Structure formats: structure tokens, C-alpha cells
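# Examining the three-dimensional arrangement
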Amino acid sequence: MLTQDEVRHIAKLAKINLTDADIERLVPQISGILDYFAVLEEVDTEGVAETSQVTGLESVTRPDVIIASEIEEALINCTPHQVEANSVKIPKIM
Amino acid sequence: MSLVKKSLKELSTAFQEGELTSRQITDAFIKEIESRDKELNVFVTTTFDLAREMADAADSRFNNKSLLSPLDGMPVTLKDVVCTDSVRTTAASNILKDFVPPYNATVWQKLKDAGAVLLGKVNTDEFTMGVSTETSIFGVTKNPVDPTKVSGGSSGGSAAAVAANFCVASIGTDTGGSIRQPAHFCGCTGLKVSYGRVSRWGTMPMASSLDSVGCLAKTAEDCAMVLEVIAGQDEKDSTTPEVSVPKYTETLDQPLKGLKIGIPKEYFIEGIDEEIVSVVDATKAILENLGAKVVEVSLPHTKYGIAAYYIIAPSEISANLSRYDGIRYGSAVEGKNLEEIYTQTREHGFGDEVKRRILIGTYALSAGYYDAYYRKAQKVRTLVKQDFDKAFEEVDALLAPIFPSTAFEVGRAPDPLRDYIEDVLTIPANLAGICGVAVPVGKSKSGLPIGVQFLCKAFAEDRALNIAHQIEQSLS
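Keep in mind that this is a model prediction, so the values were computed, not measured.

What counts and how
Residues take numbers from 1 onward in each chain, read along the sequence in its written order. Both sets of labels track the order of writing: A upward for chains, 1 upward for ligands. Residue-level local features of this predicted model are given only where pLDDT is at least 70; pairs of side-chain atoms are given and counted only at 80 or more, and the full residue set underlies all totals for whole chains, interfaces and linings. Going along the chain from the N terminus, every DSSP run of H or I of four or more residues is numbered as a helix, and every run of E of two or more is numbered as a strand. Here the radius of gyration uses the C-alpha set of atoms, whereas the globule reference equals 2.2 Å times the residue count to the power 0.38. A residue is called partly exposed when the number of other C-beta atoms within 10 Å of its own lies between 12 and 20, exposed at 12 or fewer, and buried at 20 or more, with C-beta atoms placed from the backbone. A pair of strands counts as paired when DSSP detects no fewer than two bridges linking them. Orientation is described by axes fitted as lines to C-alpha atoms, over the contacting stretch for helices, and by angles from 0 to 180 degrees between their N-to-C directions. It is the C-beta atoms, placed from the backbone, that decide contacts: two residues are in contact if theirs lie within 7 Å. Amino acid classes used here: Ala, Val, Leu, Ile, Met, Phe, Trp, Tyr, Cys and Pro are nonpolar; Asp, Glu, Lys and Arg are charged; the rest, including Gly, are polar. Look down the strands so they point away from you; if the path from the first strand over the helix to the second goes clockwise, the crossover is right-handed. Here pLDDT means the predictor's own confidence in every residue, given as a number from 0 to 100.

### Concerning the overall build of chain A
When its secondary structure is counted, chain A shows three helices and two strands. If you list the helices and strands of chain A from N to C, you get α-α-α-β-β. Its C-alpha atoms give chain A a radius of gyration of 22 Å, clearly above 12 Å, the size a compact globule of 94 residues would have. Projected onto the principal axes, the alpha-carbon positions of chain A cover approximately 55 × 45 × 25 Å. Buried residues in chain A amount to 12% of all 94 residues.

### Quick notes on the overall build of chain B
Each helix and strand in chain B was counted, giving 15 helices and eleven strands. The principal-axis extents of the C-alpha atoms in chain B amount to approximately 60 × 50 × 45 Å. In chain B, which comprises 476 residues, the share counted as buried stands at 61%.

### Comments concerning the sheet that holds strand S11 (residues 449–456) of chain B
All names here are of chain B. In spatial order, the strands read S1-S3-S2-S4-S6-S5-S10-S11-S9-S7-S8; together these eleven strands make up an open sheet with mixed pairing. The sheet terminates laterally at strand S1 (43–46) and strand S8 (293–297), the two strands that pair on one side only. Averaged over all pairs of adjacent strands, the angle between their axes in this sheet comes to 25 degrees, without regard to strand direction. Alignment of strand S5 (residues 189–192) against strand S10 (residues 435–443), held across three bridges, turns out to be antiparallel. Bridge assignment links Lys192 to a residue of S10, and that residue is Gly436. The strands that helix H3 (residues 48–63) touches are S1, strand S2 (75–79) and strand S3 (117–122); relative to S3, the one it contacts most, it runs at about 155 degrees. Here helix H5 (residues 156–163) sits on the sheet and contacts S2, S3, strand S4 (169–173), S5 and strand S6 (213–217); the angle it forms with S4, its principal contact strand, is near 165 degrees.

### Some details on the interface of chain B and chain A
Contacts between the two partners involve 54 residues from chain B, matched on the other side by 43 residues from chain A. Those elements giving two or more residues to the side of chain B that touches chain A turn out to be helix H9 (305–320), helix H10 (338–349), helix H11 (352–365), helix H12 (371–394) and helix H13 (416–421) of chain B. Considering each element in turn, the side of chain B that touches chain A owes the most residues, eleven residues, to H12(B). A breakdown of the residues in the side of chain B that touches chain A according to their chemical character gives 27 nonpolar, 16 polar and eleven charged.

### Notes on the pairing of S3(B)
All names here are of chain B. Taking burial as the measure, the six residues of S3 include six buried ones, the bulk of the element. Bridging between S1 and S3 involves three bridges; their strand directions are antiparallel. Its bridge partner lying in S3, Phe43 is registered against Val122. As paired strands, S2 and S3 are joined by five bridges and run parallel to one another. Pairing of Leu78 across the sheet is with Lys121, part of S3. Following the backbone out of S2, through helix H4 (residues 106–113) and into the adjacent parallel S3, one traces a crossover that is right-handed.

### Quick notes on the confidence of the model for chain B
Per-residue pLDDT for chain B averages 97, and the proportion of residues at 70 or more is 100%. As a predicted assembly, this complex carries a pTM of 0.98 together with an ipTM value of 0.96.

### A few points about unusual backbone geometry
The amide bond that connects B:Gly153 to the next residue, B:Ser154, takes the cis arrangement and shows omega of 10 degrees. Secondary-structure assignment places B:Ser154 in the loop between S3 and H5. In the Ramachandran plot, A:Ala85 falls in the positive-phi region, its phi being about 50 degrees despite a non-glycine side chain. In this fold, A:Ala85 is placed in the loop between strand S1 (83–84) and strand S2 (87–88).

### Side note on the pairing of S10(B)
All names here are of chain B. Within S10, eight of the nine residues are buried, leaving the element largely enclosed by the surrounding structure. The pairing of S10 with S11 spans eight bridges and is antiparallel. When the bridges of S11 are listed, Gly442 appears paired with Ile450. Between S10 and S11, which pair antiparallel in sequence order, lie five residues; one of them, Gly447, sits at a positive phi of approximately 90 degrees.

### A short note on the environment of B:Leu8
Residues and elements named next belong to chain B. With respect to the helices, strands and loops of the structure, Leu8 is situated in helix H1 (residues 8–16). For Leu8, a count of 26 C-beta atoms within 10 Å puts it in the buried group. Linking Leu8 and Val395, residues 387 residues apart in sequence, is a C-alpha distance of 31 Å. Residue contacts for Leu8: discarding those within four places in its chain leaves Met74, Val168, Ala169, Ala217, Asp222 and Met225.

### A few points about the environment of B:Gln181
Residues and elements named next belong to chain B. Structurally, Gln181 can be placed in helix H6 (residues 180–186). We classify Gln181 as buried; it has 31 C-beta atoms within 10 Å. Taking the C-alpha atoms as reference points, Gln181 and Val452, 271 residues apart in sequence, are found 9.6 Å from one another. Ignoring sequence-local partners within four residues, the contact set of Gln181 consists of Val131, Gly152, Ile402, Phe403 and Thr426.

As C-alpha cells, then:
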């Protein structure tokens, strides 16, 4: 069973603010789901390789050639914040 | 027969032979949508002005004898995770509710280049996470067959759009069953393509190693027509291998005589509706009538698929959805510093199901838990995939139920774990990256549609569509 503090910690890592009511609701749900995962302990995976892709394609590369996006300005203007000098203006980090 | 009830194939033929204009076809669908969408809630955004413009352009092409493809002038809809240039694309989420992308997803660009007409964007569970469209901020899409029932999810809007005769075909996505289950609930045909068969570029990702973009339509033949246009390698999606795109419509009529089809015994789980089992039996009889041999096979790791999937998918979700931070696009909640913008935007932007999955995924990937959860799940995924590999050494296709029940009622009491476990019959195909077609075969006593799925090995969509088409032909 996860504790409320553990869920608060995960939420912090995931950068989601949770209210006390959210925590109350989510802790038992997430705990129940994690408990269910224990079923995998029944499976012997000794020596079994992991599947990270199913197509046979790995580390696909392309020539390092610059292709003009042509929609740069439109993409930057998707921001909900102010745009200055083709950049998104956000609060100070430091 | 009313025009909107016709298949894509029939309407395409009528248009290309000059019996109907694209504008007539498009206006007929718009009329149907206007008369019934208030009740069903299929559309998130309609694009009727654009549709009429595109239809008129298709009519001009007809007059100039410069038609682009069999889909030219044909009205379609897109699940609202497919980015459309200058048309709002929301993922049915607060965090993107006013997002207007400045580019087209490859799948829509290909349809557009083929002359297809866009009627609008249809409902989905938030970021495709759900089984009923009930996690959408726009509310549930009701089942056209029985509006007290859900249309399924997450591509519930697409399935309902096809079943309600709101379009000839709809693009959906299937990460763990999200095309096949709503097709089963609404009684239409749903094609889940092999991983990598259709470019996912510009389609909002959920779980990148499992996501696939496919289509829903009235028939397998219609799905084949759409797939011929949307399939293929895309340099913008590095997970699309260089596999040639066959003429799917040309192999539909192949006889099934001599084919061997397996029924996985593990798919008849405890609690599955008897009526669904009967429909699988009835399908088996049709296959045998058509000369196929039907045998029982075993996929022993089936039941572990859910746990593996609900570790892998949330892990990938937690990484993929980190991009929604209120900075570059979507809505933002102002804060006194950057951290507050992030945490409050995500608090108010995401619904409960999305938050649950992000939190589970973050936990599974966090220090100390990675081996026990993610690595273990990736190994179990291998075993699930090997089950299929072994089965396909013996059989050409698998016949299986799609979901333990028919469409359930709108407003069913929430239970996240139950919703996950119900995906048991669709998830393994995504873990293995294989393809499948959901075909409407029967009805329950209460009149609700029941579908079955035909699963084939990766990139054998031609075979899956061939079998589906033959079944549909013998039913009609």
C-alpha cells in the first residue's frame, strides 16, 4: 500500500499539483493497481530479453541535413505566453 | 437506400461514375449530423464550411477528369488527436482545449492529398485514455444503436460517427484496443494496423511503443480502401519500416479455402458474456463453411498482458505527456515562478485518468522501481509476443472475442482497475505489434452489436481484411 507521502512525492516528480482531496481519492486507486501488478511475479522471466521495439528497427538515423520548417513563427505563436524576438517569454528561473 | 447508409465503396463508385456529386454526398452527411449529433455528441468540432469547399473542389476535379484517388470527394472524420492545420485539435483535454495546430498529421495530409473531405473532429477519451469516451472533457459519446449505452473508447467518436452514418470512414487510434472495442460496441468494422504500418507523425502520442493509427468504416472493403491511402513509410516517423504497401482491395476476394484459423482458448475468460461466446462459435461455423480449418490454439501468457501493458503504457505516457507544461502550447495557469506554471497547469489541465496514468508511470520509472516494474513488464511483453509468433507458425489468423461484454450503460460506476482488466482481449495484439480487424457479426438479445476480431501477424493486413471481407460477404 502506497502512503499519501509517497504519492505526493511521485506527483512532485511528475510536476502535477495535487490537492488533499485528490490525494485521498488517488492513493487507494493507485495502490490497488500497483497491487495488481504483483501477478507478474508468477511469470518466470529468467533469461528472457526485453522487448523495446517490435518492427526490427533500432536507432534509426537520417542524414544530418537542415530542412526549413517554414512554420517556425506559427509554432512559436502556439504558446499561451507573450512572444518577444521570436522567443517565448516566461518567468525568471533563477 | 438512403445515401448516408451506403458504403464508401458504393459512394465512391457513384461519384466517380457521375451519379452523385461530392457536394450532394457531403451535404447529405451534414444534414444527418445536424439532425442527430445533439443527441449523440460525436463531434468535438465540425468543419462544414471547409467540407463544402473541399467537396466543391472534388467536383471540379471530376469535371476536369483529374480525380486524385478512390477517396476523392469522400467525407471523413478524424479522432481529435490527429493534428489538423488551422482546425482545433484538443485530445478532449482541458490542457489543449483551444489548441490550433499549424500543421497536418501525416495521416490527414495523405487523406487530404487523396481528395478526402473533412467533416470534423470527433470525440475520444482524454488523450485516448479510457474505454467509453467518458474521460473526455466534452462528455460521453452515446451509442447510435442504443443511446443509453456508451460508444466505447477511446475511439468512441469514430465508431459512433460511422455507425450513425455521419461519415464514410473515420481515423482512430488503437493503443490497447481503442479501435476494436468501440467498433464492437457500435457495430462497425475497425482496422487496427500493425505497429509502424501507418505514420503516427502529428497524431498525439499516448504510449509510443504501442500506438497505432487505423480506421473505422462500414465494411472491411472500405477499410482496405482507406489503408491503401494512409499506409507506408514516413521519414517523419522513424518507427515506420520500409515495407511495401500492397493493394489491399485486390486480395479481398481470395477464397478462405485451405486457411487455418486458430481460436485462442485463453480468450474465453471467466465472466465473458455467453452471447459473445455464441457469436464466436457462429463465426467459426461460417469460416468452416467457407472452407477454412478452425483449430484451438494456446496463448499462455494472455492473462499477464494487462499488468505488462498497464506498466509499459503509463511509463511511456508519463514521458510523453511531460511536454504539456503550459509553455509552448495549450492552456496555462499563471504562477509566480516556472515551477508553479508547470504544476498548476498540469493540475487543472489533466483529468483524473490521465493523472492516474502519469503517476503510475512516474512511479514505475522512478529510482529503485524500474527493474521490478518496467524491466519486468518488457520481459513479459517478449513472452506475449512469442506466444503469437508460435501460433502464427501454425495458423494464418486468430479468431477471438474483443471485449467481455456488449456496450455498457452511460454513467457506469467508475472503477479504474476493472476498466484495465476488461482490456485483456485487445491488449496482447498491441504488445506484440500485430494487426487485427474487428468485424460486426452478431447482435445480443437486446439488440446490441457483437463483433469478433481477426488477428494476423505484423504487416499481414491484407490477410486480416480478406478474412473480414469474406465473413461480411457471407453475412450480407
